[in-house]
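Observations on the model geometry
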Amino acid sequence: MKSIFTASVAALALTAGAALAEYPEKPVTFIVPWPPGDLEDVLTRMIAEDFQEEYGVAAAVVNKPGGGGGPVPGAIEVANAPADGYTIGSFVPAVALIGHEIDIPELAPEKFDPIGIFLTYPFVIAAGGNAPYSSMEELAEYARENDVVLGHFGDVLTPTQVTKALAANMDFEWASDAAFDALDCNTLASGDADVINTTLQLVLPCLDQVKVLVSITGERISKVPDTPTIGEVDPSLNISLWNGLFVGKDTPQDVRDKIAAVAEKTVMSERAQKVAEETGALVYWKNAEESAEIIAKDKETLGAISEALGQ
């Protein structure tokens, strides 16, 4: 009888210990739905490194590129994971703004809440250096009489939608468009696309051989200060591409707070700010409330984009 009692007490103690275990107590995964190497990947890896150091558990970035599906496959993986903070999404606006509206059951209704937004990409529309146009106005005039092929990261993404809406507002059409996992100097040099929608970082190695026509940012990019922003070219399409950390809506607040504490410290660190200086990106921290306000504003701008596209 005594042994049974002792065993019962031990079992209760183990159960209580498990219930009281503090987050994190096991490995944490950050899902980046793109190939390695771009800004969101670099900065999320910094966050994961600092998370591991701060809390003493393994933390890793897993890249889940989706090709023409953009960030959707990676977002689905986060949506299907338990809302416990052990699977964190590093997402662009398409996930938060329209992921739940494109007939993908795993993403509907809205599955995610922001932990914080930390990056504005230096997203640009660029052409090869030998292109017969050097501005969006010249491109529009040329494309009315000639075929121009657009390369992008996925049709559902905000920069792609903005680029297509801009063409509609400027009264020209892309002859065709296609999604790529990578859009860089080789894409233009090979002729796979005439114009690409990409981040400045991916064309920095050949910046002197490309023409940056417009930046899809809220302010001009320091690396190409003479290039107008999308809002300067068309005020109705004033939007930028950001990246942030997201978790499932049922994730406990104390878990969110621990993720946010590390992420904020990381992105405001000297090494993260050096990335911003070198690439022209904006690296900062917007908390959950501020991020929710950005998302709400962007949803309004998406309305203008949809109107331009006749959706």
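Quick look at the state of the cysteines now. Tallied over the entire structure, the rule returns one disulfide. Cys185 shares a disulfide with Cys206; S-S distance 2.0 Å. Taking the sign of the torsion about the S-S bond as the criterion, the disulfide between Cys185 and Cys206, at about -100 degrees, is left-handed. Here Cys185, found in helix 7 (residues 185-190), pairs with Cys206, found in the loop between helix 8 (200-203) and strand 9 (210-215); they are 21 residues apart in sequence, far enough to count as distant. Both residues of the pair, Cys185 and Cys206, belong to the buried class.

Once that is clear, we can look at the pattern of salt bridges. Counted according to the given criterion, the structure contains eleven salt bridges. Its salt-bridge partner being Lys258, residue Glu22 comes within 3.6 Å of it at the nearest N-O pair. Pair noted here: Glu22 is in the loop between helix 1 (2-20) and strand 1 (28-32) and Lys258 is in helix 10 (residues 253-267), with a separation of 236 residues, a long-range link. The closest approach of N and O atoms between Glu77 and Lys64, which form a salt bridge, is 3.3 Å. Of this pair, Glu77 sits in helix 3 (residues 72-80) while Lys64 sits in the loop between strand 2 (59-63) and helix 3, placing them 13 residues apart in sequence.

What the rule picks out here adds up to one cavity of 30 Å³ or more. Put simply, the largest cavity is a space of about 50 Å³. What lines the largest cavity is simply Pro71, Val72, Ala75, Ala94, Val95, Ile98, Gly99, Ile102, Leu107 and Val156. Going through the elements one at a time, helix 3 and helix 4 (93-98) are the ones with two or more residues in the lining of the largest cavity. Of the residues forming the lining of the largest cavity, the biggest block, three residues, is contributed by helix 4. Partitioned by chemical class, the residues of the lining of the largest cavity number nine nonpolar, one polar and no charged.

Bringing a negative patch on the surface into the picture now. Taken together, the side chains of Glu137, Glu138, Glu141 and Glu145 present a region of like negative charge at the surface. The topology assignment puts Glu145 in the loop between helix 5 (136-143) and strand 6 (149-152). Residue class for Glu145 comes out exposed when judged on its relative accessible area of 69%.

Inspection of the secondary structure puts Thr198 in strand 8 (residues 195-199). For Thr198, a relative accessible area of 0% puts it in the buried group. There is a polar contact of 2.8 Å between the side chain of Thr198 and the backbone oxygen of Leu183. When near neighbours in sequence (up to four residues on either side) are disregarded, Thr198 contacts Pro122, Phe123, Val124, Phe153, Leu183 and Val203.

On to the sheet that holds strand 1. Taken in spatial order, the six strands line up as 2-1-3-10-4-11 in an open sheet, and their pairing is mixed. The two strands at the open ends of the sheet, each matched to only one other strand, are strand 2 and strand 11 (282-286). Going from strand to strand, the sheet's axes swing by 25 degrees on average, the running direction of each strand aside. Bridge count between strand 1 and strand 3 (residues 87-91): three bridges; the pairing is parallel. For Ile31, the partnering residue across the bridge sits in strand 3 and is Gly89. Helix-sheet contacts for helix 2 (residues 39-55) involve strand 1, strand 2, strand 3, strand 4 (112-120), strand 10 (242-248) and strand 11, and the interaxial angle to strand 2 is about 160 degrees.

Further remarks concern unusual backbone geometry. Geometrically, the link from Tyr23 to Pro24 is a cis peptide bond, its omega value of -5 degrees lying close to zero. Mapped onto the elements of the fold, Pro24 is located in the loop between helix 1 and strand 1. Of note, the amide linkage connecting Ala108 to Pro109 takes the cis form, showing an omega dihedral of -10 degrees. Considering the arrangement of structural elements, one finds Pro109 in the loop between helix 4 and strand 4. Phi is positive for Asp103, close to 60 degrees, though the residue is something other than glycine. With respect to the element layout, Asp103 can be found in the loop between helix 4 and strand 4. The backbone of Asp171 sits at a positive phi, close to 65 degrees, despite the residue not being glycine. Turning to its location among the elements, Asp171 is positioned in the loop between helix 6 (158-169) and strand 7 (176-179).

Criteria and thresholds
- Residues numbered from 1 in each chain as written.
- Predicted model: local features only at pLDDT ≥ 70, side-chain atom pairs only at ≥ 80, totals over all residues.
- Heavy atoms only, no water.
- Disulfide = S-S within 2.5 Å.
- Helix = DSSP H or I, 4+ residues; strand = E, 2+ residues; numbered from the N terminus.
- Buried < 20%, exposed > 50% of the residue type's maximum accessible area, 1.4 Å probe, protein only.
- Salt bridge = Lys/Arg side-chain N within 4 Å of Asp/Glu carboxyl O.
- 1 Å grid on protein atoms, 1.4 Å probe; cavity = no way out; pocket = protein on both sides within 12 Å on 5 of 7 lines; lining within 4 Å.
- Points joined across faces, edges and corners; volume = space filled by probe spheres on them.
- Nonpolar A, V, L, I, M, F, W, Y, C, P; charged D, E, K, R; others polar.
- Patch = residues over 30% accessible without salt bridge, like charges linked within 9 Å, V, L, I, M, F, W, Y side chains within 5 Å.
- Areas by Shrake-Rupley, 256 points an atom, 1.4 Å probe, with all protein chains shown as cover.
- Lys, Arg positive; Asp, Glu negative; His and termini not counted.
- Charge placed at Lys NZ, Arg CZ, Asp CG, Glu CD.
- Polar contact = N/O pair within 3.5 Å; in protein donor to acceptor, adjacent residues only side chain to side chain.
- Contact = heavy atoms within 4.5 Å.
- Pairing = 2+ DSSP bridges.
- Axes fitted to C-alpha atoms, helices over the stretch in contact; angles between N-to-C directions.

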